[in-house]
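A look at the structure
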There are 2 protein chains.
Amino acid sequence: MRKIALRIKYNGTNYHGWQRQANDITVQQVLEEALAVTCGTDIRTVGCGRTDAGVHAWRYCVSFESDTKIPLDRLPLALNARLPADIAVAAAVAAPDDFNAILSCVKKEYTYQILNTRIRDPFLAHTAYFYPQRLDHDRMERAAAAFVGTHDFAAVRSVGTQTKTTVRTVHYFDVERDGDILRLRVCADGFLYNMARAMVGTLLYVSEGKIEPEDIPGLLQKADRRLTGPTAPPQGLAMSRIWYDGIVGEMMDK
Amino acid sequence: MRKIALRIKYNGTNYHGWQRQANDITVQQVLEEALAVTCGTDIRTVGCGRTDAGVHAWRYCVSFESDTKIPLDRLPLALNARLPADIAVAAAVAAPDDFNAILSCVKKEYTYQILNTRIRDPFLAHTAYFYPQRLDHDRMERAAAAFVGTHDFAAVRSVGTQTKTTVRTVHYFDVERDGDILRLRVCADGFLYNMARAMVGTLLYVSEGKIEPEDIPGLLQKADRRLTGPTAPPQGLAMSRIWYDGIVGEMMDK
């Protein structure tokens, strides 16, 4: 048996997220079915994080053990031949025995795309949140900066998953405009459940004047989810980058 | 009654093209249903051209007559509120009485997108043709140039629609690479049925060495559809630009 790491990319529109579920189709289930046929045995994968229904991944890491004889440089094409068009395996590499896609993760980045113009775009319906009112870039940028650092992020997480601590470190939270697209890129050592989308929803409240940028530190301290903005819709969100040490880190960044 | 022209944009993935059909859902039918509710009377539209099932439009012109009292600057948002997410009305303008979206057209441009890299992209599955073998840019460019000018294009049209003449003038046919995307932009005074996709298919044959760039003039002269390349798949094609004189031309180019 050897440990293998994959870099995959998926359009999450038609999936109930990454993680296997009893009654809904998920990316993990579809990938594991392709792995079973390609490698000849049942394979249990570990993904680098949960993603919700409708959320995408530009770069997502999966680890598993297998005794497959397929050369790893041929594994992506072999898997892609069996996967649907909305999931692609971009690369495969032999990983250290103790590698684990979620536990070995150093930090990750999510990108949230907002189409901020009066007319919606039929080609971005599933990959950006359409928000026609003009967004206040300066206010959003100041609010985003207030999230950076090591804080208790309980104010921006949904209940539903257990975690030892709600303290996380946000490394950066950038607001960039690219034509009609506003792109929010946030990097942290880890994300609580719905944390990225709740921070985005809070920035939208800041743009709308419902929260002041200066209020963010106090809201984090109060740790009350009801006082921050709503969870932004899933289609704007994508896991966009993930960092590991060593050979897997190199593959993920290629 | 006044004549109105609309600029619309649509993702054709879920439609059997523009033109109304008895048993399949089309963009024209969905737009006319939204117009009927918004304007209060049945409306028959004229589109600037047929598009096939799965073909897109970045800029498409529609004309119709109506006695609606809705101010034209508010018509796009009123229609978008009733249209599905894959069709958007971008602009509306009062057109001359004798304007007709298809008959008044001066020339139009189609763009064909090819994803030319080893790994497919889950976000381009419906908007680019995935072609993993490396394309020969130089050969394709030389073949494309041979189509430019006034010729009989019967060699690159499918039967199925009637037309007085198969002579058309191609103004330009450009091959541009943008990262992993090869973009073919072709502009003509008019296109025969499947002409854009048959020319793209012929360029793919040229890249593959099945046809020489120098063969194109002779193939046009022979006017035999069986000697040119296959009709390229629809999802790569989009009507991308259309030219009119006067106020409608200004709206379409904005």
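Before reading further, recall that the structure is shown in the block above.
In this report, we go over the structure that sits alongside the text.

A count of helical and extended segments in chain A gives 6 helices and 10 strands. In terms of overall size, chain A behaves like a compact globule, its C-alpha atoms giving a radius of gyration of 19 Å where 254 residues would be expected to give roughly 18 Å. Residues counted as buried form 55% of the 254 residues belonging to chain A. Contacts spanning at least 24 positions in sequence make up 71% of the contacts within chain A whose residues lie at least 6 apart. Taking the average place of the 31 positive charges on the side chains of chain A and the average place of its 30 negative ones, the gap between the two points comes to 2 Å.

This part is about helix α4 (residues 195–207) of chain A. Every α-helix winds through 3.6 residues per turn, so residues three or four apart in the chain are directed the same way. All names here are of chain A. Between the first and last C-alpha of α4 there are 18 Å, a value that for 13 residues agrees with the 18 Å anticipated at 1.5 Å per step. Counting buried residues along α4, 12 of its 13 residues qualify, which places the element largely inside the surrounding structure. Within α4 the residues assigned to the buried category are M195, A196, R197, A198, M199, V200, G201, T202, L203, L204, V206 and S207. Phi turns positive one or two residues past the end of α4, at G209, with a value near 85°.

Turning next to the pairing of strand β9 (residues 181–188) of chain A. Residues and elements named next belong to chain A. Of all 8 residues in β9, 7 are buried, a share of seventy percent or more. For strand β5 (residues 107–115) and β9, the ladder comprises 8 bridges, and the chain directions are antiparallel. Looking at the pairing, I114 lines up with L182 of β9. Bridging between strand β8 (residues 167–178) and β9 involves 8 bridges; their strand directions are antiparallel. Its bridge partner being in β9, R177 is matched across the sheet by L182. Counting the residues that bridge the hairpin from β8 to β9 gives 2 residues, and of these G179 lies at a positive phi of roughly 65°.

Here chain A sits on chain B after a turn of 180° about the axis and a move of 0.0 Å along it, with an RMSD of 0.0 Å. Here the transformation between the copies is reduced to the relation of a two-fold axis. Minimal C-alpha separation from the rotation axis in chain A is found for F123(A), amounting to 5.0 Å. Mapped onto chain B, 100% of the interface residues of chain A are again interface residues, and the two copies thus contact each other with one and the same surface.

This brings us to the environment of M1(B). Residue and element names in this part refer to chain B. Tracing the chain through its elements places M1 in the segment before β1 (2–10). Accessibility expressed as a relative area gives 69% for M1, which makes it exposed. C-alpha of M1 to C-alpha of V156: the two residues are 155 residues apart in sequence and 41 Å apart in space. With sequence-adjacent residues up to four places away left out, M1 is seen in contact with E65, S66 and D67.

It is common to give the size of an interface as the accessible area lost on bringing the parts into contact. Contacts between the two partners involve 26 residues from chain A and, on the opposite side, 26 residues from chain B. The contact between chain A and chain B buries some 1900 Å² in all, and 63% of this surface belongs to carbon and sulfur atoms. At the junction of chain A and chain B, the tally comes to 2 salt bridges. Where chain A touches chain B, the interface holds 10 residue pairs in polar contact (both at pLDDT 80 or more). Contributing elements (two or more residues each) for the side of chain A that touches chain B: β1 (2–10), β3 (56–66), α2 (75–80) and β4 (87–94) of chain A.

Our next topic: helix α1 (residues 27–39) of chain B. Residues and elements named next belong to chain B. The first and last C-alpha atoms of α1 sit 18 Å apart over 13 residues, in line with the 18 Å expected at 1.5 Å per residue. Every buried residue belonging to α1 is among V27, Q28, Q29, V30, L31, E32, A34, L35, T38 and C39, and all of these are buried. Among the structural elements, β1, β3 (56–66), α2 (75–80) and β4 (87–94) are those in contact with the buried residues of α1. Following α1 by one or two positions, G40 has its phi on the positive side, about 85°.

On to the packing of helix α3 (residues 137–147) of chain B against helix α4 (residues 195–207) of chain B, then. Residues and elements named next belong to chain B. Packing of α3 against α4 brings their axes to within 8 Å, and their N-to-C directions diverge by 140°. Of the possible angle classes, the one that applies to α3 and α4 is oblique. As for how α3 packs across α4, the hand of that crossing is right-handed. On the side of α3, the interface is formed by R139, M140, A143, A144 and F147, while α4 contributes M199, T202, L203, L204, V206 and S207. A class-by-class count of the residues in the contact of α3 with α4 yields 8 nonpolar, 2 polar and 1 charged.

How each quantity is defined
- Residues numbered from 1 in each chain as written.
- Chains lettered and ligands numbered in written order.
- Predicted model: local features only at pLDDT ≥ 70, side-chain atom pairs only at ≥ 80, totals over all residues.
- Heavy atoms only, no water.
- Helix = DSSP H or I, 4+ residues; strand = E, 2+ residues; numbered from the N terminus.
- Rg over C-alpha atoms; globule rule 2.2 N^0.38 Å.
- Buried < 20%, exposed > 50% of the residue type's maximum accessible area, 1.4 Å probe, protein only.
- Contact = heavy atoms within 4.5 Å.
- Lys, Arg positive; Asp, Glu negative; His and termini not counted.
- Charge placed at Lys NZ, Arg CZ, Asp CG, Glu CD.
- Expected span 1.5 Å × (residues − 1).
- Pairing = 2+ DSSP bridges.
- Least-squares fit on C-alpha atoms with pLDDT ≥ 70 in both.
- Buried area = accessible area lost by both parts, 1.4 Å probe.
- Salt bridge = Lys/Arg side-chain N within 4 Å of Asp/Glu carboxyl O.
- Polar contact = N/O pair within 3.5 Å; in protein donor to acceptor, adjacent residues only side chain to side chain.
- Axes fitted to C-alpha atoms, helices over the stretch in contact; angles between N-to-C directions.
- Parallel < 35°, antiparallel > 145°, perpendicular 65-115°, else oblique.
- Left-handed = near helix turned anticlockwise from the far one by under 90°.
- Nonpolar A, V, L, I, M, F, W, Y, C, P; charged D, E, K, R; others polar.

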